[in-house]
Amino acid sequence: MKTYTFAKSQALFRRAAQVIPCGIYGHMSPAPLVPPTAYPFFAARGKGSRFWDVDGNEFIDYMCAYGPMVLGYNHPVVDEAVRKQLEQGNTLTAPAPIMVELAEYLVELIAGAGFAYFAKNGGDMTSYATMIARSATGRKKIVAIKGGYHGVASWMQGGGHHGVVDEDVENMIRIPWNDVAAFEKAIARHPGQIAGFIATPYHHPTFVDNELPAEGYWQNIRRLCDREGIVLIIDDVRCGFRLDIRGSHAYFGFQPDLVCFCKAIGNGYPISALVGTKKMQNEAAKVFYTGSYWFQAAPMAAALATLKELKRIDGPKRMLDYGKRLLDGLTEVARHHGLDLKTTGAPSLPYLRLTDDETLMQHQDWCAECTRRGAYFTSHHNWFMSAAHTAEDLQRTLDIADDAFKAIGTTSKGERRATNRARKK
Ligand SMILES: Cc1ncc(COP(=O)(O)O)c(C=O)c1O
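Residues numbered from 1 in each chain as written. Predicted model: local features only at pLDDT ≥ 70, side-chain atom pairs only at ≥ 80, totals over all residues. Heavy atoms only, no water.

Description of the overall build of the protein chain
Helix and strand content of the protein chain: 14 helices and 13 strands. In terms of overall dimensions, the protein chain is globule-like: its C-alpha atoms have a radius of gyration of 22 Å, near the 22 Å expected for 425 residues. Considered along the principal axes of its C-alpha atoms, the protein chain spans approximately 60 × 55 × 45 Å. Classification of the 425 residues of the protein chain by burial places 56% in the buried group. The long-range share in the protein chain, meaning contacts at least 24 apart out of those at least 6 apart in sequence, stands at 75%. In the structure as shown, the protein chain presents an accessible area of about 18800 Å², 53% of it carried by carbon and sulfur atoms. (Helix = DSSP H or I, 4+ residues; strand = E, 2+ residues; numbered from the N terminus. Rg over C-alpha atoms; globule rule 2.2 N^0.38 Å. Buried < 20%, exposed > 50% of the residue type's maximum accessible area, 1.4 Å probe, protein only. Contact = heavy atoms within 4.5 Å. Areas by Shrake-Rupley, 256 points an atom, 1.4 Å probe, with all protein chains shown as cover.)

Following this line, the structure appears as structure tokens:
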């Protein structure tokens with residue numbers, strides 16, 4: 001099987017590094033997250049489940065722009081809705097009627113919803129949700145999960161991160177995932193001081209296995225929030241619309257007070273939404289929160305078209321089904337090569353890991369070899385399925401995976417342990 005080269009990507013990266021901090025910053029920054037020689041740095045175009053890099057290499061995309069692409073790149077229905085709205089106007093001196101239509105649609109669609117509010121990024125909404133919780137309760141502290149990610153504002157990043165001062169995080173309490181007793185302890189230690197509990201619908205950190213909620217977890221958290229008057233915030237930025245079109249809380253059977261959406265909501269157009277219960281609407285109204293581009297009408301048109309299309313085709317079900325087929329296939333291919341590929345999280349956004357290698361280096365090598373052959377995988381982050389992935393994509397991916405396993409070779413357990421030990425030193 002042919003392997004790709006990335007000369008143009010690398011030349012562009014060298015130029016980027018002269019004028020942009022890190023060349024490429026944040027989650028799309030190559031080093032240290034992916035081996036830089038095996039990955040493209042710049043994308044030229046996308047269509048459906050695939051994108052092409054600046055060297056002309058074609059990839060079946062299992063990162064989906066880290067989540068926003070959900071129906072396929074350049075989706076005709078979404079792009080047509082955007083085009084129509086652009087003809088009317090995008091950023092005007094007053095909001096366009098599409099804003100009301102989208103809010104009405106979300107209130108109808110999302111389980112337990114009474115209002116919707118729009119911004120641009122996921123972090124806009126997680127910050128807003130914590131402000132609402134603080135305003136509504138008159139309390140300061142926010143409980144979050146250790147290793148949980150809610151964006152880049154200083155309160156969300158841990159103490160010790162560059163640019164974060166202790167005061168930014170002094171009101172954050174981090175507890176382990178799936179640990180109701182830890183929440184009870186936090187409540188006991190800070191009586192009457194906790195404003196909100198924020199968590200993702202299930203735990204999907206990077207570099208480690210993802211974890212679904214234990215039986216009764218969410219019901220117990222809900223019960224404690226009710227008892228203590230704590231605002232329950234679900235960060236559905238990543239899982240949203242890949243588990244259940246009504247919100248991931250509907251999938252897990254509980255009702256939060258506030259839910260944050262972004263990524264998949266607009267199929268790549270810049271929009272995020274906070275959806276809350278009717279009871280929280282007045283509390284949301286009290287907090288001043290806005291931005292220069294938050295009223296853009298075209299992304300709202302994109303979101304409305306995306307949600308309607310996802311509902312029409314039952315997108316979440318399709319992504320869960322195709323994800324399961326992909327994972328079953330990959331696990332089988334790995335077994336063929338004498339390796340155990342563990343998959344965790346939901347099949348529509350799974351995290352994978354070769355288990356016989358605690359350093360994750362073998363897994364990183366395999367993902368890189370898959371990417372160099374046209375199946376774009378990362379090893380540190382969960383992948384994303386889209387409704388555009390086809391049976392043909394899955395078959396091609398399994399062939400690539402097989403060839404990539406051959407390329408990394410399969411060494412004995414003993415040899416791998418010795419290599420791991422050497423790498424750790
Ligand atoms: C669970 C979760 N919450 C919040 C965010 C932040 O979203 P954004 O990067 O759009 O601000 C992300 C982004 O990856 C996320 O995965």
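Notes on the site of the ligand
Close to the ligand lie 13 residues; G122, G123, D235, R238 and K263 are nearest. G123 is positioned such that a nitrogen or oxygen atom in its backbone is 2.7 Å from an oxygen atom of the ligand. One of the side-chain N or O atoms of K263 is found 3.1 Å from an oxygen atom in the ligand. Relative to its unbound accessible surface of 390 Å², the ligand loses 85% to contact with the protein. Among the residues forming the shell around the ligand, the class breakdown is three nonpolar, seven polar and three charged. (Near = heavy atom within 4 Å. Polar contact = N/O pair within 3.5 Å; in protein donor to acceptor, adjacent residues only side chain to side chain. Nonpolar A, V, L, I, M, F, W, Y, C, P; charged D, E, K, R; others polar.)

Some points on the domain arrangement of the protein chain
Taken domain by domain, the protein chain holds domain 1 (7–73 + 314–424) and domain 2 (76–312). Computed over C-alpha atoms, the centres of domain 1 and domain 2 are 27 Å apart. In this complex, domain 1 contributes 28 residues to the contact, which on the side of domain 2 involves 25 residues. With both sides pooled, the region where domain 1 packs onto domain 2 buries about 2300 Å², and carbon together with sulfur makes up 58% of that total. Connecting domain 1 to domain 2 are two salt bridges. A salt bridge links R353 to D209; the shortest N-O distance between them is 2.7 Å. (Domains from an automatic or database assignment. Buried area = accessible area lost by both parts, 1.4 Å probe. Salt bridge = Lys/Arg side-chain N within 4 Å of Asp/Glu carboxyl O.)

Re the pattern of salt bridges
Counted according to the given criterion, the structure contains 18 salt bridges. Connected through salt bridges with shared partners, the residues E369, R372, R373 and D403 form a single ionic network.

Considering the nonpolar core
Formed by 105 residues in total, the largest nonpolar core has its most connected members in F197, W218 and W366. A per-element tally of this core places helix α10 (residues 297–312) first, with 10 residues. Counting contributing residues, this core receives three or more from each of domain 1 (7–73 + 314–424) and domain 2 (76–312). The next biggest cluster of nonpolar side chains, apart from the first, holds 28 residues, and it includes I132, I198, M280 and A284. (Core = buried A, V, L, I, M, F, W, Y, C linked by side-chain atoms within 4.5 Å.)

Observations regarding the packing of aromatic side chains
Tallying each qualifying case throughout the model produces 22 aromatic pairs. Ring centres 5.4 Å apart and planes at 55 degrees place the aromatic pair Y62 and F377 in the tilted group. Remark: F377 occurs in the loop between β13 (375–376) and α13 (391–408) and Y62 occurs in the loop between β3 (58–61) and α2 (76–88); sequence separation between them is 315 residues. For Y62, a relative accessible area of 0% corresponds to the buried category. (Phe/Tyr/Trp six-rings, centres within 6.5 Å; stacked < 30°, edge-to-face > 60°.)

Observations concerning the packing of helix α3 (residues 98–109) against α10
The contact between α3 and α10 brings their axes to 9 Å, and the two run at 30 degrees. By the angle between their directions, the pair α3 and α10 is classed as roughly parallel. Here α3 runs over α10; the crossing is left-handed. For the pair α3 and α10, the contacting residues are I98, M99, E101, L102, Y105, L106 and L109 in the first and A297, M300, A301, A303, L304, L307, K308 and K311 in the second. Residue composition of the contact of α3 with α10, grouped by class: 12 nonpolar, no polar and three charged. (Axes fitted to C-alpha atoms, helices over the stretch in contact; angles between N-to-C directions. Parallel < 35°, antiparallel > 145°, perpendicular 65-115°, else oblique. Left-handed = near helix turned anticlockwise from the far one by under 90°.)

Remarks on the environment of F115
Checked against the element boundaries, F115 lands in strand β4 (residues 115–119). Assessed through its relative accessible area of 6%, F115 is described here as buried. Residues F115 and A404, 289 residues apart in the sequence, show an inter-C-alpha distance of 48 Å. When residues no more than four places from it in sequence are discounted, the contact partners of F115 are V107, L258, L274, V275, G276, T277, M280, Q281 and A284.

Re α3
Counted at 1.5 Å a residue, the expected span for α3 with its 12 residues is 16 Å, and the 16 Å between its end C-alpha atoms agrees. Here α3 has its buried residues at I98, L102, A103, Y105, L106 and L109. One side of α3 holds all its buried residues, which, seen down the axis, span an arc of 165 degrees. Opposite the buried face of α3, by more than 90 degrees, sit the exposed residues E104 and E108. (Expected span 1.5 Å × (residues − 1). Arc of directions from axis to C-beta.)

Some remarks on the pairing of β4
Strand residues, when the strand is regular, have side chains that alternate between the two faces of the sheet. Most of β4 sits out of view: four of its five residues are buried. Here five bridges tie β4 to strand β10 (residues 272–276), and the two strands are oriented antiparallel to one another. Residue A119 lies in a different strand from β10, and its bridge partner there is S272. (Pairing = 2+ DSSP bridges.)

Considerations on the sheet that holds strand β8 (residues 231–235)
Strand order in the open sheet made by the seven strands is β4-β10-β9-β8-β7-β5-β6, with mixed pairing throughout. Strand pairing shows two members of the sheet lacking a second neighbour, β4 and β6 (172–175), which therefore form its edges. Sheet twist, expressed as the average angle between the axes of neighbouring strands with direction ignored, equals 20 degrees. Of the strand pairs in this sheet, strand β5 (residues 141–145) and β6 are connected by four bridges, and their pairing is parallel. Each residue of the ladder has a partner; that of A144, found in β6, is R174.

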